[in-house]
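# Observations on the model geometry
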Protein chains: 2
Amino acid sequence: MKRLVALAALALALPAWAEDEPVTPNSIVAAAPASDWVAIDPADLLVMDLAPDRDGNPRRVVIQLIPAPFSQGWVGNIRKLAAAHWWDGTSINRVQDNYVVQWGDVTEKKPLPDGLRVVPESEYLADLPNPGWRPNICVPNRLDCPESIEIKGPSNPTMRDAYAEAAGFHFGWPIGFAWRDAGKPGNLKLTPMQLTAWPTHCYGMVGVGRNVSPDTGTGAELYTVIGQAPRQLDRNIALVGRIIEGMDNLSSLPRGHGDLSFYTDEEADKRVPILSVRLGNEIADLPHFEYLSTESKSFAAYVHSRANRKDDFYIQPAGGVDICNVPVPIRRVKS
Amino acid sequence: MKRLVALAALALALPAWAEDEPVTPNSIVAAAPASDWVAIDPADLLVMDLAPDRDGNPRRVVIQLIPAPFSQGWVGNIRKLAAAHWWDGTSINRVQDNYVVQWGDVTEKKPLPDGLRVVPESEYLADLPNPGWRPNICVPNRLDCPESIEIKGPSNPTMRDAYAEAAGFHFGWPIGFAWRDAGKPGNLKLTPMQLTAWPTHCYGMVGVGRNVSPDTGTGAELYTVIGQAPRQLDRNIALVGRIIEGMDNLSSLPRGHGDLSFYTDEEADKRVPILSVRLGNEIADLPHFEYLSTESKSFAAYVHSRANRKDDFYIQPAGGVDICNVPVPIRRVKS
């Protein structure tokens, strides 16, 4: 059978970096030492069980909640909603092609649990105090900086980005950066600056539905991205996590035909019931998950390889890669 | 019901640019004069009818073939395959989440019609002789060029791009650019240069499956993009069109579980049969379609608006946009 990308599966099946095989993103991930993988705490997982499909197959979606310094006001609310079993009996209500799948209470009348925070818009952004992230601003050698502004972390490759001054990875998550209250880059001193950062709307990221500004949403209404990264939502809406397993249980749902692709009442039978949403530490048989440290050398090599594909299939390396085309590797581990 | 993007539908329902309504991408498209729309010749459409879904609903996919100077060797083959009704009785064979849906002859034994061209890899690229595309290379005012290299067409906004020296639009299609055989931009003279260009792997674009290099595929095996733009395939594989209607008939199909997410023989019942593929001028009742001229002022305003969303919902304009987050507006017209 003709293969669009013939080597991806092969690379997984062969010993990584065998002498006669090209280095690929997959071979790099397969060869990463155990010390480059970071365990995900089950308490940071949200497990959503949907009603079985028409053939009776179970449908589980596993979400990893984003850690500090990002979006913790909403993440705290989500932990309370899960503890209250608030989502049980709600449904998937919107599926818009090349955009989002959205779920929550379709009636909008279900009372929320007590104690949810009202989170201000300022929390769409977070400061990055990690001293490893002192930026190296590429101003003095500007003619050697064809790729716009470069910011380099200790071992983090960076990339040109259409939406942010720079984009990169921070402890497992894709983020955009800017200088807080900074003017033009040429005006900056070459000293450590305060960076502000935000998670980016990549495929599979999970965010908080809301009404118009200044509403920021509670976290009861959630969505995930199922198409080209809608990065215009960055800094305009809270991102609280990403789907690490079961994404196709959402992305392959039938699209809605109402306003904004919500399901209409006439197609109410398409609203998939949500049986339960629990924090991972409440689920007895949940597998353990790990992500590849974005601060590791393996990850840097992985990004470099994704940006410069060259093997029996790829004849022209791109020489670059979009932040949202670098999914952070996640794996199940035997417990 | 809470709306993730509350104004999109409203903007469509209201008179465009009403004094008290914000300008949005949708309002700009709605207000574009008839002269900014370009008719698509039915002879440049490929109409693929799939077997009905489980509820008996018909499933039609309409593909617009890409015009010269791009990929015409493969497009010519595709016209021959359609004329020979070659795809009738073949099937959808691969659905990989956040990547592609692929279709063709699953047996790989169906004889191809006579007269198909073997197209060389050099045709992944095309020269752009249009004098309107003399580039304005932003070298002398480099400190005023924070967005890397700028290339400006007559009315085409451009954007930072992670994969190409620049990205933009050419007569209705998203493309990447580079200078043919050029060195570093700083070495170039400020005179018209020969640009080389290629279509970009955006959501819904249609390409030609192939084996390893130097095979380039015939066009019999096709795929479309259903996730984040896999731009690493640019210049490595031929793009021959885009889906302009019925995309969700492909993007919402169940994902495969074999190598590269091909359907396994055990899940052969998921392979949706292709009833027929015809050129649009063979279909009696086909609606007419138009695209918004990418050389029009309306399109320039549309790109600017997508790059700078600001209204009751958007509080922080991005100040940029990715080429693949600017779908070229397509509409049905009453005939």
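Provided above is the structure to which this section pertains.
Residues numbered from 1 in each chain as written. Chains lettered and ligands numbered in written order. Predicted model: local features only at pLDDT ≥ 70, side-chain atom pairs only at ≥ 80, totals over all residues. Heavy atoms only, no water.

## A look at the overall build of chain A
Applied cut-off: Helix and strand assignments come from DSSP, with helices taken as H or I runs of at least 4 residues and strands as E runs of at least 2, each series counted from the N terminus. Each residue is assigned to one of three classes by its accessible area relative to the maximum for its type, calculated with a 1.4 Å probe on protein chains only: buried under 20%, partly exposed between the two thresholds, exposed over 50%. Contacts are residue-level and defined by heavy atoms, with any inter-residue pair within 4.5 Å sufficient.
A tally of regular secondary structure across chain A gives five helices and 15 strands. Residue burial in chain A is summarised as follows: out of 335 residues, 57% are buried. The long-range fraction of contacts in chain A, counting pairs at least 24 apart against all pairs at least 6 apart in sequence, stands at 70%.

## Some thoughts on the interface of chain A and chain B
Spelled out, the test is: Each of two parts loses accessible area, computed with a 1.4 Å probe, when they are put together; buried area is these two losses added. The term salt bridge refers to a pairing of a side-chain nitrogen on Lys or Arg with a carboxyl oxygen on Asp or Glu at a separation within 4 Å. Pairing of N or O atoms within 3.5 Å defines a polar contact, subject to two protein rules: one partner must be a possible hydrogen donor and the other a possible acceptor, and residues neighboring in sequence count only if both atoms are side-chain atoms. Following the grouping adopted for this structure description, the nonpolar residues are Ala, Val, Leu, Ile, Met, Phe, Trp, Tyr, Cys and Pro, the charged ones are Asp, Glu, Lys and Arg, and the polar ones are all others, Gly among them.
Between chain A and chain B, the residue contacts involve 72 residues of the former and 72 residues of the latter. The contact between chain A and chain B buries some 7100 Å² in all, and 53% of this surface belongs to carbon and sulfur atoms. For the interface between chain A and chain B, the tally reads two salt bridges. Of the charged contacts, one joins B:Asp55 and A:Arg54 as a salt bridge, the two residues approaching to 3.2 Å between their closest N and O atoms. If you look at where chain A meets chain B, you find 25 residue pairs in polar contact (both at pLDDT 80 or more). At the level of elements, helix H1 (7-13), strand E5 (100-104) and helix H4 (248-251) of chain A are the ones that each hand at least two residues to the side of chain A that touches chain B. Grouping the amino acids of the side of chain A that touches chain B by side-chain chemistry returns 36 nonpolar, 15 polar and 21 charged.

## Quick look at the pairing of strand E10 (residues 205-208) of chain A
Residue and element names in this part refer to chain A. This is how the line gets drawn: For two strands to be treated as a pair, DSSP must find no fewer than two bridges joining them.
Side chains Met 205 and Gly 207 of E10 all project onto a buried face; the interleaved residues Val 206 and Val 208 project onto the opposite face, where all are buried too. Note that E10 and strand E12 (residues 239-245) share three bridges and pair antiparallel. Looking at the pairing, Gly 207 lines up with Leu 239 of E12. Sheet topology places E10 next to strand E11 (residues 222-225); three bridges connect them, and they run antiparallel. Within E11, the position partnered with Gly 207 by the bridge is Tyr 223.

## Thoughts on the environment of A:Asp127
Relative to the elements of secondary structure, A:Asp127 occurs in strand E6 (residues 126-127). Assessed through its relative accessible area of 33%, A:Asp127 is described here as partly exposed.

## Regarding the relation of the copies chain A and chain B
What counts, and what does not: For this overlay, a least-squares fit was computed on C-alpha atoms, restricted to residues scoring pLDDT of at least 70 in both copies.
With an axial shift of 0.0 Å and an RMSD of 0.0 Å, the rotation relating chain A to chain B amounts to 180 degrees. In the structure described here, the two chain copies are related by an operation that fits a two-fold rotation axis.

## Some points on the state of the cysteines
Residues and elements named next belong to chain A. Here is the rule we go by: Disulfide assignment relies on a single distance test, namely cysteine sulfur atoms paired within 2.5 Å.
For the structure shown, the criterion picks out two disulfides over all chains. Here Cys 202 engages in a disulfide with Cys 324; their sulfurs sit 2.0 Å apart. Handedness of the Cys 202-Cys 324 disulfide follows from its S-S torsion of about -75 degrees: it is left-handed. With Cys 202 in the loop between strand E9 (195-199) and E10 and Cys 324 in the loop between helix H5 (297-307) and strand E15 (330-333), this pair connects stretches of sequence that are 122 residues apart. In this pair, the class of Cys 202 matches that of Cys 324, namely buried.

## Quick notes on helix H3 (residues 72-83) of chain B
All names here are of chain B. This is how the line gets drawn: Here the expected span of a helix is defined as 1.5 Å times the quantity of residues minus one.
For H3, with 12 residues, the first-to-last C-alpha span of 16 Å sits near the 16 Å given by 1.5 Å per residue. All buried positions along H3 are accounted for by Gly 73, Trp 74, Val 75, Asn 77, Ile 78, Leu 81 and Ala 82. Tucked inside the fold, the buried residues of H3 contact strand E2 (45-50), strand E3 (59-65), strand E10 (205-208), strand E11 (222-225), strand E12 (239-245) and strand E13 (274-279).

## Re unusual backbone geometry
Generally, phi is negative for residues other than glycine and the peptide bonds are trans, each holding for most cases. The omega torsion of the bond from A:Ala68 to A:Pro69 falls at 10 degrees, within 30 degrees of zero and hence cis. For A:Pro69, the location among the structural elements is in the loop between strand E3 (59-65) and helix H3 (72-83). Between B:Ser213 and B:Pro214 the backbone carries a cis peptide bond, its omega angle lying at 10 degrees. Considering the arrangement of structural elements, one finds B:Pro214 in the loop between E10 and E11.

## What to know about the sheet that holds E15(A)
All names here are of chain A. What counts is decided by this rule: To define axes, lines are fitted to C-alpha atoms, for helices over the stretch in contact only, and angles between the resulting N-to-C directions are given on a 0 to 180 degree scale.
Across the sheet, which stays open at both edges, the three strands sit in the order E1-E14-E15 with antiparallel pairing between neighbours. Both edges of this open sheet fall to strand E1 (37-39) and E15, since each of them pairs with a single strand only. If you compare each strand with its neighbour and ignore which way they point, the axes differ by 35 degrees on average. As paired elements, E1 and strand E14 (residues 288-292) share three bridges and run antiparallel to each other. Within E14, the residue paired with Val 38 across the bridge is Tyr 291.

## Regarding helix H5 (residues 297-307) of chain B
What H5(B) keeps buried is the set B:Ser298, B:Phe299, B:Tyr302, B:Val303, B:Ser305, B:Arg306 and B:Ala307. Along its buried surface, H5(B) packs onto helix H2 (25-31), strand E7 (166-170) and strand E14 (288-292) of chain B.

## Regarding the packing of aromatic side chains
Any aromatic ring pair is given by two values, namely how distant the centres are and how the planes are angled relative to each other. Residue and element names in this part refer to chain A. Rules: To pair, rings of Phe, Tyr and Trp, with the six-membered ring standing in for Trp, must have centres within 6.5 Å; the planes then decide the type, stacked if under 30 degrees apart, edge-to-face if over 60, and tilted in the middle. In this scheme, Lys NZ or Arg CZ marks a charge over a ring once it lies within 6 Å of the ring centre and within 35 degrees of the ring normal.
Considering all chains together, one arrives at 10 aromatic pairs over all chains under this definition. Summarising the aromatic geometry, the rings of Trp 86 and Trp 87 are spaced 6.2 Å apart at their centres and angled 80 degrees between planes, so their arrangement reads as edge-to-face. The residues Trp 86 and Trp 87 share a single accessibility class, namely buried. Centre to centre, the rings of Phe 169 and Phe 299 are 4.9 Å apart; their planes meet at 75 degrees, and the pair counts as edge-to-face. Remark: Phe 299 occurs in helix H5 and Phe 169 occurs in strand E7 (residues 166-170); sequence separation between them is 130 residues. Take Phe 169: its relative accessible area is 1%, and that puts it in the buried class. Residue class for Phe 299 comes out buried when judged on its relative accessible area of 0%. Grouped by ring-pair contacts, the aromatic residues Phe 169, Phe 299 and Tyr 302 constitute a single cluster. The ring of Trp 37 has Arg 331 lying over it, and the distance from NZ or CZ to the ring centre is 4.0 Å.

## Description of the environment of A:Ala197
Residues and elements named next belong to chain A. Assignment of secondary structure puts Ala 197 in strand E9. Separated by 31 residues in sequence, Ala 197 and Ala 166 have C-alpha atoms that sit 9.6 Å apart. When sequence neighbours within four positions are dropped, the list of residues in contact with Ala 197 reads Phe 70, Tyr 124, Leu 125, Ala 126, Leu 128, Ile 175, Gly 176 and Phe 177.

## Structural notes on the pattern of salt bridges
Residues and elements named next belong to chain B. For the coordinates displayed, the defined rule picks out 26 salt bridges over all chains. Among the salt bridges present, the one from Arg 117 reaches Glu 123, with a minimum N-O distance of 2.9 Å. With a relative accessible area of 24%, Glu 123 lands in the partly exposed category. We note a salt bridge from Arg 332 to Glu 245, for which the minimum N-O separation is 2.8 Å. Of the two residues, Arg 332 sits in strand E15 (residues 330-333) while Glu 245 sits in strand E12, which places them 87 residues apart along the sequence.

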